[in-house]
Amino acid sequence: MLDARVTEGPLVSIDEPPKTREPDDWKTRLGRSATSVAALVDRGVLSAAELQLLDAVESRHKTFVSDYYLSLIDPADSNCPIRLQAIPDINELNDDGRIDPDPTGDNTHRVNQALIHRYPNRVLLTPTHICPMYCRYCFRKVALNEGQIRYQKAVPAALEYIASKDQIREVILSGGDPLILSNKRLGGLIDKLSSIKHVKRVRIHTRMPVTFPYRIDQQFIDALGVSHRIYLVTHFNHPRELTPLAESKLEMMRNAGISLANQSVLLRGVNDRPEILAELYNHLADVGVRPYYLHHLDPAPGTTHFRVSIQQGRTIYRDLLKLLAGPDRPRYVIEVPGGGGKVDVDSGAVIEMGQPGRYRMTSPLTGESIVWLDPSA
Ligand SMILES: *Cc1c(COP(=O)(O)O)cnc(C)c1O
Ligand code: SF4
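The text that follows walks through the structure, step by step, so that each part is easy to find. Quantities reported herein were computed from a predicted structural model and do not represent experimental measurements.

## Re the layout of surface pockets
What the largest pocket holds in volume is close to 260 Å³. Along its surface, the largest pocket is lined by 19 residues, and N107, R110, H129, A143 and E146 are the ones closest to its centre. Taken together, the residues of the lining of the largest pocket break down into seven nonpolar, seven polar and five charged.

Take a look at the structure:
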């Protein structure tokens, strides 16, 4: 008879990951990101002449683009949709009177630095303000520029609040990008949330599969401790972002039992054509990602050049619906400014009033109406 210790010995050491392996080696790779306009000049994405021109942009809005996302830029296309989303642009200085540092009214329902409670049954938990890429159109641009969330202080207090409110069925991890947290921290957070009886689901909103797919690996899947309670919402805006690498990571998550959905933002010059969005949502359907929201852009500072009017948006959306089968259609929504919540753009909650570009929007939460002016109005 074989001695169990003898047969098990070598097997164990073969199965175990080598001790020298970095537990989070995606971090080393993320360290190669470009984090300044100067770094983008060094890499040939911007010209030396643009360095000075973009100084004022950089002082207002942070720069961070992963090596991976940079590699998707088509140098031959000056209107490359990847480039437009990632690279600082002089147009970010063109703010008009309609910008709002807090366009979705997060601060109206803020519990603390890391928690927003707008809808009775779900909360938004933002454990970080860091992202693997600062998207130039981001509605949280101002929040992301204002210092860091103090995790050790804000997150435990948020967890206590969640535990004390039994109407909260779902916790949405957002940010920043919550996947910037280490596996240990993320896993610990999900464990704590899962131990709260009334929390039935943890939803993760992340752009990491788009901007830095290397983040998704087996250690990440293990850290989630995958159960039916995990739902992950990605943020692809353009079909060119759906690379073979990104696809393989989506497949990896799907195979681990994580439910996947996608939300996009409607962006001028990036995806403001029904055929582009149809290609994206068809491709997502092919790789098992369900459609979620197509967001109308929120009027955050430094984003006016991405604006699409409500009228244009409705036309694009109606044409998009003709190109997609029922299960593949996202819902086109807009945030009622001031924290009124999300409403369908092409519905009675958004009504044009007399003059073109002037709308009345009604909050589904309070029933109150506000006036929305499109850029042209
Ligand atoms: C968007 C949002 C949610 C989630 O809303 P869903 O419609 O469930 O995706 C929750 N809380 C806040 C503050 C939000 O802005
Ligand atoms: S990843 Fe999300 S939160 Fe971060 S900059 Fe992009 S849109 Fe904003």
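## A closer look at the pairing of strand β6 (residues 230-234)
Taking burial as the measure, the five residues of β6 include five buried ones, the bulk of the element. Residues I230, L232 and T234 of β6 are buried on one face, and the alternating residues Y231 and V233, pointing to the opposite face, are buried as well. For strand β5 (residues 201-205) and β6, the ladder comprises four bridges, and the chain directions are parallel. Across the sheet, R203 pairs through a bridge with Y231, a residue of β6. In this region the chain leaves β6, passes through helix α13 (residues 244-255) and returns to the parallel neighbour strand β7 (residues 259-265); the handedness of that crossover is right-handed.

## A word on the environment of G187
With respect to the helices, strands and loops of the structure, G187 is situated in helix α10 (residues 183-194). Placed 99 residues apart in sequence, G187 and P88 show a C-alpha to C-alpha distance of 34 Å.

## Considerations on the pairing of strand β9 (residues 331-336)
A large share of β9 lies buried, amounting to five of its six residues. Both strand β8 (residues 290-295) and β9 contribute to a ladder of three bridges, which runs parallel. Each residue of the ladder has a partner; that of L294, found in β9, is Y332. Between β8 and its parallel partner β9, the chain crosses via helix α15 (residues 310-323), and the hand of that crossover is right-handed. Of the pairings in the sheet, the one linking β9 to strand β10 (residues 341-344) comprises four bridges and is antiparallel in character. When the bridges of β10 are listed, E335 appears paired with K342. Between β9 and β10, which follow one another and run antiparallel, lie four residues, and G338 among them has a positive phi close to 85°.

## Some points on the site of ligand 1
Around ligand 1, the structure places I116, R118, Y119, R122, L124, I172, R203, Y292, Y293, E335 and K342. Within the side chain of Y293, a nitrogen or oxygen atom sits 2.5 Å from an oxygen atom of ligand 1. In the complex, 92% of the free accessible area of ligand 1, which totals 390 Å², lies under the protein chains. Using a 2 Å cut-off from the grid points, one finds that ligand 1 occupies the largest cavity.

## Here's the deal with the site of ligand 2
Every residue lining ligand 2 is accounted for by C131, M133, Y134, C135, C138, L144, G176, R207 and H235. Under a 2 Å grid-point criterion requiring more than half of the atoms, the pocket assigned to ligand 2 is the largest cavity. Class assignment of the residues belonging to the shell around ligand 2 gives a composition of six nonpolar, two polar and one charged.

The rules behind these values
- Residues numbered from 1 in each chain as written.
- Chains lettered and ligands numbered in written order.
- Predicted model: local features only at pLDDT ≥ 70, side-chain atom pairs only at ≥ 80, totals over all residues.
- Heavy atoms only, no water.
- 1 Å grid on protein atoms, 1.4 Å probe; cavity = no way out; pocket = protein on both sides within 12 Å on 5 of 7 lines; lining within 4 Å.
- Points joined across faces, edges and corners; volume = space filled by probe spheres on them.
- Nonpolar A, V, L, I, M, F, W, Y, C, P; charged D, E, K, R; others polar.
- Buried < 20%, exposed > 50% of the residue type's maximum accessible area, 1.4 Å probe, protein only.
- Helix = DSSP H or I, 4+ residues; strand = E, 2+ residues; numbered from the N terminus.
- Pairing = 2+ DSSP bridges.
- Right-handed = clockwise from strand over helix to strand, strands pointing away.
- Near = heavy atom within 4 Å.
- Polar contact = N/O pair within 3.5 Å; in protein donor to acceptor, adjacent residues only side chain to side chain.
- Areas by Shrake-Rupley, 256 points an atom, 1.4 Å probe, with all protein chains shown as cover.
- Sits in = over half its atoms within 2 Å of the grid points.

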